[in-house]
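# A look at the structure
So you can see what is in the structure, the chains are spelled out below.
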Amino acid sequence: MSRLIETIAEKLHLIPNLRTEKFAELTRLTEPGDLTNYPPPDKWDAWVEYDAKSWPRRVPKNYMIVPTSCFNCEAGCGLLSYIDKETMQVRKFEGNPYHPGSRGRNCAKGPATINQINDTDRILYPMKRSGKRGDGHWQRVSWDEVLDDIAGRIREALKEDRRNEVVYHVGRPGHEGYIDRILQSWGVDGHNSHTNICSAGARFGYAIWHGFDRPSPDHANAKFILLISAHLESGHYFNPHAQRIIEGMMNGAKLAVMDPRLSNTASMADYWLPTYPGSEAAVLLAIAKIILDENLHNEDFMKNWVNWQEYLEKEKPQVELTFANFIGAIKEEYKDYTPEFAEQESGVPARQIIDVAKLIGRAGTQFATHNWRSAGSGNLGGWAVARCLHFLNVLTGSVGTMGGTSPSGWNKFKPNVFDKPPAQKFWNELHFPNEYPLAHYEMSFLLPHFLKEARGKLAVYFTRVFNPVWTYPDGFSWIEVLIDENKIGVHAALTPTWNETAYFADYALPMGHASERHDIISYETHSGMWIAFRQPVLREAARRMGKPVTFTYETNPGEVWEEDEFWIELSWRIDPDGSLGIKQHFISPYRPDEKITIDEYYRYIFEHTAGLPEAAAKEGLTPLDYMRKYGAFEVEKPSYNKHLQEISNPEMQGASADSKTNSIVKNGKNIGVVVDGIPRVGFPTPSRKQEFYSQTVVDWKWPEYKIPTYIKSHVHSEKIDFDKGEFPLIPTFRLPTLIHSRSGNAKWLAEISNRNPLWMHTKDAGRFGLKTGALVRVNTDIGYFVDRVWVTEGMKPGVVACSHHLGRWRRHQDPAGNRWATNLVTIEQLESGKWKMRQTDGIRPYKSPDPDSTRIFWSDGGVHQNITFPVHPDPISGMHCWHQKVRIEKARSEDRYGDVFVDTNKSFEIYKKWLAMTRPAPGPNGLRRPLWLNRPLRPVEETFYLKAKKG
Ligand code: SF4
């Protein structure tokens, strides 16, 4: 039909003749097979497409197609860049069908990478502040000057043994192991991350069960999927997960979603369970009780793989050590978690909980679950939500099964690097303070308070794709310490764009976007295992065209560099003569005594990736060239039950089996479990089993949480006075098209999502006499923000929500950045610690080389809510508990949309209040932290002891 219309239009001269001889040789862009819209790889060096902008004329364009990986969330989906051979510019990004995780698909943020690389506001050259820190004055400097200055400061700190003063703080990670290698080559305990404002709560809940700290659900083969997240639209690895959830549902799986908000995911579910925030664990334990009462639990799995004997011995020493007694005892433990109790806590009808519980029980080993930020990151005790969720996997025996939920580490590839420096001999108490011995990651959001308390200071502070002033709670406390040169000697912000934190740095160092740098990625997106290559596509295109490139900035815009090369060059300059022992870790494995190049670094990894050299050889390629060509490699096909791996005979030498527990003991440690007469490796826990009973939790002074337990949140309904206008606020949810503070430079994304109103149920709005668009003041414990209300039936009554993605800002004195998304603001310090921010203008059209900047039609950039939140460190997991108890009132006469007020003196008081809830180290044997739990950038074992090691 369209061809007919086209022909008639041609005949009537409404459009030009589209089928002239000139274009006849071009074939349509299809090939046989499922992925019909992707060009075949044998044409990637010479691909012809018509230029969309020239329509209706057919103007052919010649492209080179180079793969890379998206960086707009953690999923690391594959991208194909289309490079115009005439201009050597990237024309567009599409999906890479050879990427095993994303399989050619992307969300809106993947293709929007093109906006980011063409952003006319981006930082193109290294910049150094020229006025007082934070004053907004900058001048261009050379990379040499930057490297020499920073290298000199680090050298001095190392020589003076001020090793805890050199810190690298990362927002969005990546660089599998790369930066750990750098920091350990310097001998510093200098890794800090954003994880404790993100996922550390849920991670701890998983780790305490089985050592691995994330779930890897096999959605595609599940019969029942339970999400405490919004994985069809957002959340970790959401695009790879969403496509597999849909596959599972197309094959008959049922989906249940716990969320007080009717997210896109909840709207697609068979069962939406709108739980009151923090009540999720009560519902999960009610489900557990029903599974037990109905005898739907998996006896085989539990008998072999749960440490039930330990539980009975410690908790019920009077009863005989039988599995039946264990089941009897835990039925007793959970007898109060009736569906009616769960309904009372959560507001979800008991009938619905019973229905879901029975379906989960019947799904058995094909039960897939996921809990990412969401409840795990919102609540005091949020880690217990993940723990109770995993309990359901344990009860149904769906741990590591087809259609079940595997531990993350089974599906994530770890690269082999050419050189591994020794672990550092220092413990940085600014990152892992004694008050938080079980903190799953660094207590990064407490850094401003620790610096204010003079617990330490920083000589060199790197922030990388990290914007705590805007993303973290308590951003004004961050500003207060960032501008204090006595607390931070030099702050280098490694960032592609200006942001609210870079404005308070000494150096703003431009780093590449996804397609402008090297990196490798691997995540547990499904039951297989893969590795993907992020590569600077213009550099690769130049190489293919025979143009040698020494440093990536030679092919990037301006002097935009990449971290990988930056760290090599910096390390070399810290230790030019090798006397500090650093230089030796940067010598090429292929050319004796010479500095390693970035190609050699990745060449070594790919040459040592199982199966990759063979796959490459089949195509006549080296492993590095294979990855340059395809951008990804499947290291392992779907596989399950890795805990059943047999322990080898040599490893069994000197080991013996415990007759009560079947544990295999060697040198005083459990190394596996005998199951069906075969020694199996099990899980990386002290018992090598799933730890229903946690001696670790008991030893570290929290005996009340020795088994999966419901912990009442700090926003539990008992603590909310609804008559006074109080609500729990959910500030954690992601918008599907935004990426925290990093999407401000993507015009397509800002066009789609540019406001973050307060979600409020119709009944609540009626109570206040509010209509959509009404202005309210949302009071937190340290200040307030002023936002508009969105009245909706899609919110649980009695709960309000606001996405954290919007409310980006710049001050009048700051360099223009992210103007698709940043409001202009003034910031005043009214008196000590009392900060007021006011929006003086919203988003406006502006002139730039990109004509779209004059076509901006939206004016609202949203409201910055996170800055009005105090820190809420969970005393166990260390996770910041994001949910807030807020008091809502109609805006006052002096209030304007976007107003923010904060008192940092109050935020310090609240920090102290939460700090008092901790039960500090030492634990057993004078330890700072249990030895068996992982720690990022793990130092030598001696440092785990607060005092000299016992014995
Ligand atoms: S899910 Fe979207 S943003 Fe995340 S890596 Fe994939 S394409 Fe990029």
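Predicted model, so just to flag it, every value in this text is computed and none were measured.

Moving on, we come to the packing of aromatic side chains. How two aromatic rings sit relative to each other is set out by the distance from centre to centre and by the angle between their planes. Counted under the stated rule, the structure contains 64 aromatic pairs. Ring geometry for Trp427 and Phe944: centres 5.0 Å apart, planes at 80 degrees, overall edge-to-face. A residue pair is termed long-range when its members are at least 10 positions apart, and Trp427 in the loop between strand 14 (405-407) and helix 17 (447-452) and Phe944 in the segment after helix 29 (904-915) qualify at 517 residues. Of the residues examined, Phe944 reaches a relative accessible area of 0% and is grouped as buried. Between Phe466 and Tyr472, the aromatic rings sit 5.2 Å apart at their centres with planes inclined by 85 degrees, giving edge-to-face as the arrangement. By the burial criterion, Phe466 is buried, and Tyr472 matches it. A cation sits over an aromatic face here: Arg261 above Phe733, 3.9 Å from the ring centre.

The next subject is the site of the ligand. Close to the ligand lie Cys70, Asn72, Cys73, Ala75, Gly76, Cys77, Asn106, Cys107, Lys109, Gly110, Phe238 and Asn239, which account for all nearby residues. Residues of the shell around the ligand, tallied by class, amount to six nonpolar, five polar and one charged.

Glancing now at the packing of helix 9 (residues 280-293) against helix 16 (residues 383-396). Between helix 9 and helix 16, the shortest axis-to-axis distance is 8 Å and the interhelical angle comes to 15 degrees. In terms of orientation, helix 9 and helix 16 fall into the roughly parallel class. The two elements helix 9 and helix 16 meet at a crossing, and its hand is left-handed. The segment helix 9 lies against helix 16, with Glu280, Ala281, Leu284, Leu285, Ile287, Ala288, Ile291 and Leu292 engaging Ala384, Val385, Cys388, Leu389, Phe391, Leu392, Leu395 and Thr396. Each residue belonging to the contact of helix 9 with helix 16 can be placed in one class, and the counts come to 14 nonpolar, one polar and one charged.

Looking now at the packing of helix 5 (residues 178-186) against helix 21 (residues 563-574). Interaxial distance between helix 5 and helix 21 falls to 11 Å at its minimum, and their mutual angle equals 5 degrees. It follows from the interaxial angle that helix 5 and helix 21 lie roughly parallel. From helix 5, Tyr178, Ile179, Ile182 and Trp186 reach across to helix 21, where they touch Asp564, Glu565, Trp567, Ile568, Leu570, Ser571 and Ile574. Within the contact of helix 5 with helix 21, the residues separate by chemical class into eight nonpolar, one polar and two charged.

All right, on to empty space enclosed by the protein then. Where empty space is left can be seen by rolling a probe of water-molecule size over the atoms. Tallied over the entire structure, the rule returns six cavities of 30 Å³ or more. Taken as a whole, the largest cavity holds about 540 Å³ of empty space. Thr471, Ile739, His740, Ser741 and Arg742 are, among the 42 residues lining the largest cavity, the residues nearest its centre. Of all the secondary-structure elements, those providing two or more residues to the lining of the largest cavity are helix 3 (113-117) and helix 15 (373-378). Looking at the lining of the largest cavity residue by residue, the class counts come to 14 nonpolar, 20 polar and eight charged. Its volume calculated, the second largest cavity comes out at about 320 Å³.

Here we take up the sheet that holds strand 11 (residues 254-258). Taken in spatial order, the four strands line up as 12-11-10-13 in an open sheet, and their pairing is parallel. Looking at the sheet topology across the chains shown, the edges are occupied by strand 12 (271-273) and strand 13 (367-371). Averaged over all neighbouring strand pairs, the angle between strand axes comes to 10 degrees, with direction disregarded. Taken strand by strand, helix 14 (residues 350-363) contacts strand 10 (224-228), strand 12 and strand 13, and its axis lies near 125 degrees from that of strand 12. Packing against the sheet, helix 16 makes contact with strand 10 and strand 13, and its axis sits at approximately 170 degrees to strand 13.

Bringing unusual backbone geometry into the picture now. Residue Pro56 is bonded to the preceding Trp55 through a cis peptide linkage, with omega at 10 degrees. As for its placement among the helices and strands, Pro56 is situated in the loop between strand 1 (47-50) and strand 2 (60-69). Note the cis peptide between Ala921 and Pro922, where omega equals 10 degrees. Position of Pro922 relative to the elements: it lies in the segment after helix 29. We note that Asn667 has phi near 50 degrees; this positive angle belongs to a residue other than glycine.

Residue alternation in strand 26 (residues 758-761) divides its side chains into two sets, Leu758 and Met760 and Trp759 and His761, and both sets are buried. Taken together, the four bridges between strand 26 and strand 28 (residues 783-792) define a ladder with parallel strand orientation. Paired with Trp759 across the strands is Trp790, a residue of strand 28.

Turning our eyes to something else, we now look at the sheet that holds strand 17 (residues 507-510). Read from one edge to the other, the open sheet built from seven strands follows the order 6-5-17-16-15-7-8, with strand pairing classed as mixed. In this open sheet, the two edge strands, each paired with only one partner strand, are strand 6 (138-140) and strand 8 (191-193). Between one strand axis and the next, the sheet turns by 20 degrees as a mean value, whatever way the strands run. Relative to strand 17, strand 5 (residues 127-129) runs antiparallel, the two sharing two bridges. Looking across to strand 17, one finds that Lys128 is bridged to Tyr507. Sheet contacts for helix 4 (residues 143-159): strand 5, strand 7 (166-170), strand 15 (458-464), strand 16 (488-495) and strand 17; angle to strand 17, the most-contacted strand, approximately 120 degrees. Relative to the sheet, helix 21 contacts strand 7, strand 15, strand 16 and strand 17, its axis offset from that of strand 15 by approximately 160 degrees.

About the thresholds
Residues numbered from 1 in each chain as written. Predicted model: local features only at pLDDT ≥ 70, side-chain atom pairs only at ≥ 80, totals over all residues. Heavy atoms only, no water. Phe/Tyr/Trp six-rings, centres within 6.5 Å; stacked < 30°, edge-to-face > 60°. Helix = DSSP H or I, 4+ residues; strand = E, 2+ residues; numbered from the N terminus. Buried < 20%, exposed > 50% of the residue type's maximum accessible area, 1.4 Å probe, protein only. Lys NZ or Arg CZ within 6 Å of the ring centre and 35° of its normal. Near = heavy atom within 4 Å. Nonpolar A, V, L, I, M, F, W, Y, C, P; charged D, E, K, R; others polar. Axes fitted to C-alpha atoms, helices over the stretch in contact; angles between N-to-C directions. Parallel < 35°, antiparallel > 145°, perpendicular 65-115°, else oblique. Left-handed = near helix turned anticlockwise from the far one by under 90°. Contact = heavy atoms within 4.5 Å. 1 Å grid on protein atoms, 1.4 Å probe; cavity = no way out; pocket = protein on both sides within 12 Å on 5 of 7 lines; lining within 4 Å. Points joined across faces, edges and corners; volume = space filled by probe spheres on them. Pairing = 2+ DSSP bridges.

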